[in-house]
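Structural overview for review
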Amino acid sequence: MQQGTPVCPRRTVRTQCHEIHRLLAEMHDLSIGRAGVHGANLCRANREGSLPNSNPSGDAPNGYVVVQRGSARLEVVPLTSGGRVTVGRAPSNRIILNDPKCSRQHCEFFAREGHWFVRDLDSRNGLTVDGLTVTDDWELEIGQTVGIGGCALLYTDREPRDDDAVDRSEGSAAAPFAVIERKTGTRFDAPPAGQTAPPSGRHGVAELFRLAQAMTSAKDEATLTGSVLDGLLSGTSADVGAILLFPGSREDDDYTSLEPRAVRAPADTETPHFSGYLSQLVLADRQALLVHDIAKDDSLSHRESLNQLDATSAICAPIRHHDDVLGLIHLYSTSATEPLDGEQLEFTLAVADQLAGHLAALAEKQRLISTATEAQQTARELRDQLQVETELIGASKALEAVRSQVARVAPTDATVLIRGESGVGKELVARAVHFNSRRKKGPFVCVNCAALTESLLESELFGHEKGAFTGAAGQKAGKFEQADQGTLFLDEIGEMNPDLQAKFLRVLEGQPFERVGGGKAITVDVRVVTATNRNLEEAVRAGEFRSDLYFRLQVIEIVVPPLREHAGDVPIIAQHFARQFARKAQRPIHGFSDEALRVLSEHHWPGNVRELRNVVERAVILSDSDVLTPRDISLSKIAPDRSQAEPDSSEFNGERPTEPGSRAASSPPRDEDVLKRFMEEELTLDELDRRYMEAVLEQCRWNKSQAARLLGIERTTLDRRLKKYGMQRPAV
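Per chain, the residues get numbers from 1 upward, laid out in the order the sequence is written. Restriction of local features to residues with pLDDT of at least 70 applies here, the model being predicted, together with a cutoff of 80 or more for giving and counting side-chain atom pairs; totals for whole chains, interfaces and linings are based on all residues. Heavy atoms throughout the structure, all of them, feed into the side-chain values; hydrogens and water do not.

**Thoughts on the packing of aromatic side chains**
The description of an aromatic ring pair uses the distance of the two centres, along with the angle that the planes make with each other. Centres within 6.5 Å make a pair out of two Phe, Tyr or Trp rings, where for Trp the six-membered ring is used; the pair is then stacked when the planes are under 30 degrees apart, edge-to-face when over 60, and tilted otherwise. In total, this model carries 9 aromatic pairs according to the counting rule given. For the pair Phe274 and Tyr332, a centre-to-centre distance of 5.9 Å together with 25° between the ring planes defines the contact as stacked. With Phe274 in the loop between strand S15 (259–264) and helix H4 (276–285) and Tyr332 in strand S18 (residues 324–333), the pair connects residues that are 58 residues apart, well separated along the chain. Plain terms: the ring middles of Phe480 and Phe513 are 5.9 Å apart, the flat faces sit at 50° to each other, and that makes the pair tilted. With Phe480 in helix H11 (residues 479–482) and Phe513 in the loop between helix H12 (498–508) and strand S22 (527–532), the pair connects residues that are 33 residues apart, well separated along the chain. Only protein chains enter the calculation, and the probe is 1.4 Å; a residue is then buried if its accessible area is under 20% of its type maximum, exposed if over 50%, and partly exposed in between. Overall, the relative accessible area of 1% leaves Phe480 in the buried class. Two limits define a charge over a ring: the Lys NZ or Arg CZ must be within 6 Å of the ring centre, and within 35 degrees of the ring normal. The aromatic ring of Phe110 is capped on one face by Arg119, whose charged end is 4.1 Å from the ring centroid. One Lys or Arg, Lys503, reaches over the ring of Phe462 and ends 4.4 Å from the middle of that ring. The numbering of helices and of strands both runs from the N terminus, where a helix is a DSSP run of H or I of at least 4 residues and a strand a run of E of at least 2.

Take a look at the structure:
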């Protein structure tokens, strides 16, 4: 003791008394031949036998301390007159409590003046008697309970019999148990202080590593649990074992929910039933248990499962993953000469922890597979729905001829060129070719060549490597790679730059290609379907389109007629769109009236099927009745081409298109009238230029290449003018 440190005399005397009592108790135990403590083996044992309940004059009556954790009776310790019983976590105590709130020397029971008392030995968390905190020596009365952490120590004057409040049914945790060693961690988790070499021997790191290799190679739960159990049986003295797992979804850790996933037993024995009693103990504390001398202990030998197994020792270890218990490992030895020991318990717990990680990984893998399967099923359903929505609607001879061509061409891998005006449904025909081909389970990828600049189109088609150009932050697969084993549809193929046409031609001829900025040759299996509304023959003669590419694309040519050439299909197509949009918008629309269908059939449809689709969608959304009438229909006055009709002035001043029913409008205004109105508005040349470009772009559905041709200027010139006037494509 350091000089100058104040010492409480009362505390010093009390500590000395405690030490004297401890020495007397140990001498008393030795004098009557009882085993005192069990050293550092961390095992608890029931003391057999009892003393008569005598009470000599002046001595405390004999009694018992019943140690319980929840509903489980852990131990019954006799209190003999003149004796002393210490309680704590240290092995030197008479009652050893493996509880985190129990100190190494927590309290003691002692006799004084004919009564039994309990005293707190300056424990960290203290103790209670019937819920009241003990601050000094407490005289005990029969039936009172001393509380220490999660344990309860009942003071009674009679020794409990096995049939006193003991449920002998399998799985009950209300009975005492024999020699049990508990383990939470192992030396494999972290080596002890001062130990530099890993644990060796039969149950060392090498054996654990071999088992870990077997776990890694397992592809499913049955193989995994089977290989682990075989390794445990070969590495321990156990001859019977099982791995029991909880099902995927459960509400609690009820041992009755455990399902055997791997069972090993001698061939001449029946299928064993594994101890629910041990399972319940392990699930309650989440600690591995080692049980010895099962047959010699009345509290374990009467268990039906343990008796059936004829086991002399057993190990039960939890399979723990983070805060969850996935299941249990049961090992049993029937040999009296080679019982399971503490080293094997530690090895089993280490294997159980390894197994938990692999089981969690397999469960995650199965979840991902299930998610992928659901995604594939959804994709199939969407593909089927898309196939229905891409059917060519109509009964005319012109459309029947297109369907006939698709039916003949689709089963082949021939390159298809689809021609027709803007809006006739060229992409619809391309989808019909794909979904009726052997590639229908593969991807269908669309690219609009007119919507991208030359550099962007090359990157879009062939992909690029990281850093290939400014903004290429990562590697990107091109549309050709994305369409592998499927169909690639290139719309507006006539707008492709001649330099890019050469690279495209090489891929069409089966040669490999490279990503932009890359050097790796890539080969794909893709069917190419192209479409254009441009006169490719004129483009070839003008040197704007490669002749070799033209002949390579024109293997099979399908011409889609404009809607005005099969006007008899308008009512059928319109009713189809009405049903489709009514279902999508959840509107109770039952179709068109006869008058409305007549109005639709008489329209010249310069925008073809696309225009009809938009007209029907607008009518379905804005109509306030369940039958669409002419009042719900708004039609454009744009003529199919410049030679058929002059554009109406409303196309320039933003007025609403003429409503149906007023189509017998006056004749087009004269040029003099149009110019006079412009002068009255005091419009500048830039404003006239802007309005004219806006009208042309609207007519061309903002197809800049087509608008530039109509305006008689280059595409780049059009882009500069749009930027000058701040014009952008209106949002849909």
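Having seen it, we continue.
**Examining the nonpolar core**
Among the nonpolar cores identified, the biggest contains 32 residues, and Ile243, Ile319, Leu331 and Leu355 are the most heavily contacted of them. When residues of this core are traced back to their parent elements, those giving at least two are helix H2 (205–217), helix H3 (221–235), strand S14 (240–245), strand S16 (288–292), strand S17 (313–321), S18 and helix H7 (342–389). Take this core: its biggest share by element is 10 residues, from H7. Residues are treated as being in contact if the distance between any of their heavy atoms lies within 4.5 Å. Those residues in contact with Leu331 that sit more than four places away from it in its chain are Leu229, Leu232, Leu233, Thr236, Ala238, Val240, Gly241, Ser313, Ala314, Ile315, Leu340 and Thr348. Put simply, a nonpolar core is a bunch of buried Ala, Val, Leu, Ile, Met, Phe, Trp, Tyr and Cys residues held in one set by side-chain atoms that sit within 4.5 Å of each other.

**A closer look at the layout of surface pockets**
Using a grid of 1 Å spacing that covers the protein atoms alone, one calls a set of points a cavity when a 1.4 Å probe fits there but cannot get out, and a pocket when the set is open and has protein on both sides within 12 Å along at least five of seven lines; lining residues are those with an atom within 4 Å of a point. Grid points are joined across faces, edges and corners, and a volume is the space filled by probe spheres set on the points. When its volume is computed, the second largest pocket comes out at roughly 730 Å³. In this structure, the second largest pocket is lined by 22 residues; those nearest its centre are Glu495, Ser705, Glu714, Arg715 and Thr716. Elements represented by at least two residues in the lining of the second largest pocket include exactly helix H10 (454–462), helix H21 (704–711) and helix H22 (715–725). Tallied by class, the residues present in the lining of the second largest pocket amount to 9 nonpolar, 5 polar and 8 charged. The start and end points of each domain follow an automatic or database-based domain assignment. If you count residues domain by domain, the lining of the second largest pocket takes at least three from each of domain 3 (390–465 + 476–561) and domain 5 (683–725). Each residue is assigned to one class: nonpolar for Ala, Val, Leu, Ile, Met, Phe, Trp, Tyr, Cys and Pro, charged for Asp, Glu, Lys and Arg, and polar for all the others, Gly among them.

**Thoughts on a negative patch on the surface**
Only residues whose relative accessible area exceeds 30% and that form no salt bridge enter a patch; like-charged residues are grouped when within 9 Å of one another, and nonpolar side chains (Val, Leu, Ile, Met, Phe, Trp, Tyr) when within 5 Å. The Shrake-Rupley method, run with a 1.4 Å probe, gives the accessible areas here. Residue values count only the displayed protein chains as cover. Basic side-chain nitrogens of Lys or Arg form a salt bridge, by our definition, when they fall within 4 Å of a carboxyl oxygen of Asp or Glu. We treat Lys and Arg as the positive residues and Asp and Glu as the negative residues; His and chain ends play no part in the count. Lys charges are placed at NZ, Arg charges at CZ, Asp charges at CG and Glu charges at CD. Residues Glu113, Asp130, Glu139 and Glu141 make up a contiguous surface patch of negative charge. Looking at where Glu141 falls in the secondary structure, it is placed in the loop between strand S10 (138–139) and strand S11 (145–148). On the accessibility criterion, Glu141 (53% relative accessible area) is exposed.

**Topic: the side chain of Ser593**
With respect to the helices and strands, the residue Ser593 is situated in the loop between helix H15 (570–585) and helix H16 (594–602). With residues up to four places along the chain from it excluded, the contact list for Ser593 reads Val627, Leu628, Thr629 and Pro630.

**Some words on the sheet that holds strand S6 (residues 107–112)**
At least two DSSP bridges between two strands are required for those strands to pair. Taking strand neighbours across the sheet as the criterion, the 5 strands line up as S5-S4-S6-S7-S10 in an open arrangement whose pairing is mixed. For this open sheet the edge positions go to strand S5 (95–96) and S10, each flanked by a neighbour on one side alone. Here strand S7 (residues 115–120) pairs with S10 via 2 bridges, running antiparallel. By the bridge assignment, Phe117 is partnered in S10 with Glu139.

**Thoughts on H22**
Taken residue by residue, H22 has Thr717, Leu718, Leu722 and Tyr725 as its buried positions. Taken end-on, H22 shows its buried residues confined to a sector of 140°, consistent with a single buried face. The exposed set on the far side of H22, more than 90 degrees from its buried face, consists of Arg720, Lys723 and Lys724. Each element contacted by the buried residues of H22 is listed here: helix H20 (685–699) and H21. The first or second residue beyond H22 is Gly726, which carries a positive phi of 65°. Directions from the helix axis toward the C-beta atoms define the arc.

**A word on H21**
The α-helix winds at 3.6 residues per turn, so residues separated by three or four positions along the chain end up facing the same way. Here H21 has its buried residues at Ser705, Ala707, Ala708 and Leu711. For H21, the arc enclosing every buried residue in end-on projection is 160°, short of the 170-degree limit, so these residues lie on one face. Throughout this description, a polar contact denotes any pair of N or O atoms lying within 3.5 Å of each other; where both atoms belong to protein, one of them has to be capable of donating a hydrogen while the other can accept it, and for residues adjacent in sequence the pair is counted only when both atoms sit in side chains. Two to three positions downstream of the cap, the backbone nitrogen of Ser705 sits 3.3 Å from a side-chain oxygen, assigning the N-cap of H21 to Asn703. Just beyond H21, the residue with positive phi is Gly712, at close to 75°.

**Regarding the environment of Ala350**
Considering the arrangement of structural elements, one finds Ala350 in helix H7. The class for Ala350 is buried, based on a relative accessible area of 5%. Along the backbone, Ala350 and Ile319 are 31 residues apart, and their C-alpha atoms lie at a distance of 9.5 Å.

**Overview of the packing of H15 against helix H17 (residues 608–622)**
Axis definition: a line fitted to C-alpha atoms, over the contacting stretch in the case of helices. Angles run 0 to 180 degrees between N-to-C directions. Two numbers describe how H15 lies on H17: the axes approach to 9 Å, and their chain directions differ by 45°. As the angle between them shows, H15 and H17 are arranged oblique. For the crossing formed where H15 meets H17, the hand is right-handed. Along its contact with H15, which presents Val570, Ile573, Ala574, Phe577, Ala578, Gln580, Phe581 and Ala582, the element H17 presents Val609, Leu612, Arg613, Val616, Glu617 and Val620. Looking at the contact of H15 with H17 residue by residue, the classes come out as 11 nonpolar, 1 polar and 2 charged. If an angle is under 35 degrees, it is roughly parallel; if it is over 145, roughly antiparallel; if it lies from 65 to 115, roughly perpendicular; otherwise it is oblique. Here is the rule for handedness: rotate from the far helix to the near one, and if that takes an anticlockwise turn smaller than a right angle the crossing is left-handed, while a clockwise turn gives right-handed.

**Re the pattern of salt bridges**
For the coordinates displayed, the defined rule picks out 36 salt bridges. Here Arg112 makes a salt bridge to Asp137, at a shortest N to O gap of 3.4 Å. Here Arg112, found in strand S6, pairs with Asp137, found in the loop between strand S9 (132–133) and S10; they are 25 residues apart in sequence, far enough to count as distant. Residue classification places Arg112 among the partly exposed positions, given a relative accessible area of 34%. Its salt-bridge partner being Arg419, residue Glu557 comes within 3.2 Å of it at the nearest N-O pair. Of this pair, Glu557 sits in strand S23 (residues 556–559) while Arg419 sits in strand S19 (residues 416–419); the two residues are 138 residues apart in sequence, bridging distant segments of the chain. Among the charged side chains, a salt-bridge network with shared partners connects Arg84, Glu108, Arg112, Arg119 and Asp137.

Geometry only, nothing functional implied.
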